[in-house]
Amino acid sequence: MDEVRLREVVASDVETFFEQQRDPIACKMAAFTADDPNDRANFLALWTGILANDEIIKRTIMLGDTLVGNVVFFFQFGMPSVGYWIDRKYWGRGIATQALTEFLAIATERPIYARTAFDNLASQRVLAKCGFVPFDRDVAYAAARREEIEERIFVLRS
Ligand SMILES: CC(C)(COP(=O)(O)OP(=O)(O)OC[C@H]1O[C@@H](n2cnc3c(N)ncnc32)[C@H](O)[C@@H]1OP(=O)(O)O)[C@@H](O)C(=O)NCCC(=O)NCCS
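Let me sum up the structure you'll find in this document. (Residues numbered from 1 in each chain as written. Predicted model: local features only at pLDDT ≥ 70, side-chain atom pairs only at ≥ 80, totals over all residues. Heavy atoms only, no water.)

Some words on the overall build of the chain
What counts is decided by this rule: Think of it this way: any DSSP run of H or I at least four residues long counts as a helix, any run of E at least two long counts as a strand, and we number them from the N terminus. Atoms counted for the radius of gyration: C-alpha only. Globule rule: 2.2 Å times the number of residues to the power 0.38. Contacts are residue-level and defined by heavy atoms, with any inter-residue pair within 4.5 Å sufficient. Positive charges come from Lys and Arg, negative ones from Asp and Glu, while His and the chain ends are left out of the count. Taken as the charge location is NZ of Lys, CZ of Arg, CG of Asp or CD of Glu.
Assigned secondary structure in the chain consists of five helices and seven strands. Listed N to C, the secondary structure of the chain is β-α-α-α-β-β-β-α-β-α-β-β in terms of helices and strands. Here the C-alpha radius of gyration of the chain, 15 Å, is about what a compact globule of 158 residues would show, namely 15 Å. With respect to the principal axes defined by its C-alpha atoms, the chain has extents near 35 × 35 × 30 Å. Across the chain, every contact between residues at least 6 apart in sequence was considered, and the portion connecting residues at least 24 apart equals 63%. Charged side chains in the chain number 19 positive and 23 negative. The centres of these two groups are separated by 5 Å.

This is the structure we're talking about:
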């Protein structure tokens, strides 16, 4: 397999992120998505803000020469948090695990948290492989499912 590596996000990556995050199967899995993942203007505005915000650490995930996703550190409800998204064509190859492992050497704040839908077992597995452990539960509105669902919160303490 080609090498997984992280690089700085450039503005032209955002169009690819948009295509990746509007995949309906991926949205259902992630659950906590934008109200309308097909709203390009909204997505571009969100990423314009992310790119301008130095508090947010963001990296593009590359597999060889192919842009396969992104990984982001941000503050959610005041908690230092991490989130990631991989193009569905590349799922199940260990890319998220490898990317998050590398990212955690860049985003070094601890503890660091991550939230997943209760049934997003792939994401929970990625977190477990990177050393996260269960921390708490919450209930929140999941736009991709049009209902409130349970959210699992995980923490990496060191
Ligand atoms: C979650 C996501 C990032 C995983 O990416 P990935 O590159 O496929 O992840 P990896 O290959 O590194 O690891 C996935 C692990 O989950 C496991 N897995 C996948 N589906 C599973 C399921 N239904 N039940 C249990 N484990 C599952 C895989 O077997 C693998 O574990 P293993 O290495 O022990 O075999 C990707 O599916 C994605 O981007 N989904 C949409 C966005 C999203 O949910 N982001 C996270 C929001 S919290």
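A look at the site of the ligand
Short version of the rule: A molecule or strand has a residue near it when one of that residue's heavy atoms lies within 4 Å. For this analysis, a polar contact is any N or O atom pair within 3.5 Å, provided that within protein one partner can donate a hydrogen and the other can accept it, and provided that sequence-adjacent residues contribute only side-chain to side-chain pairs. The Shrake-Rupley method, run with a 1.4 Å probe, gives the accessible areas here. Residue values count only the displayed protein chains as cover. Cavity means a closed set of points on a 1 Å grid over the protein atoms alone, one where a 1.4 Å probe fits but cannot get out, pocket means an open set with protein on both sides within 12 Å along at least 5 of 7 lines, and lining means a residue has an atom within 4 Å of a point. More than half of a molecule's atoms lying within 2 Å of a cavity's or pocket's grid points is what places that molecule inside it.
Taken together, 22 residues are adjacent to the ligand, and Gly92, Gly94, Thr97, Arg125 and Lys129 come closest. Interatomic distance of 3.0 Å between a backbone N/O atom of Ala96 and an oxygen atom of the ligand. For the ligand, the protein covers 71% of the area, taking 970 Å² as the surface of the free molecule. Spatially, the ligand is embedded in the largest pocket.

Some thoughts on the side chain of Thr116
As a reminder of what qualifies: The rule is simple: take the accessible area with a 1.4 Å probe, protein chains only, and divide by the maximum for that residue type; under 20% is buried, over 50% is exposed, in between is partly exposed.
Of note, Thr116 is situated in strand β5 (residues 112–117). The exposure class of Thr116 is buried, given its relative accessible area of 3%. Here the side chain of Thr116 touches Gln124 through a polar contact of 3.1 Å, side chain to side chain.

Remarks on the pairing of β5
This is how the line gets drawn: Between any two strands, at least two bridges found by DSSP are needed for them to pair.
Most of β5 sits inside the fold, with six of its six residues counted as buried. Residues Ile112, Ala114 and Thr116 of β5 are buried on one face, and the alternating residues Tyr113, Arg115 and Ala117, pointing to the opposite face, are buried as well. Note that β5 and strand β7 (residues 147–156) share six bridges and pair antiparallel. Considered in β7, the bridge of Thr116 is made with Arg152.

Topic: the environment of Val126
Here Val126 is to be found in helix α5 (residues 121–129). Val126 sits in the buried class, given a relative accessible area of 10%. For Val126 and Gln98, which are 28 residues apart along the polypeptide, the C-alpha to C-alpha distance reads 9.0 Å. Residues contacting Val126, with those up to four places away along its chain left out, are Tyr84, Ala96, Thr97 and Leu100.

Focus on the layout of surface pockets
Note the threshold: Grid points are joined across faces, edges and corners, and a volume is the space filled by probe spheres set on the points. Each residue gets one label: Ala, Val, Leu, Ile, Met, Phe, Trp, Tyr, Cys and Pro are nonpolar, Asp, Glu, Lys and Arg are charged, and the others, such as Gly, are polar.
Approximately 1400 Å³ is the volume attributed to the largest pocket. Considering the residues around the largest pocket, the lining is formed by 47 residues, among which Ala30, Phe32, Gly83, Tyr84 and Trp85 are closest to the centre. Looking at the lining of the largest pocket element by element, the count peaks at six residues for helix α3 (residues 40–52). A per-class count over the lining of the largest pocket returns 28 nonpolar, 13 polar and six charged.

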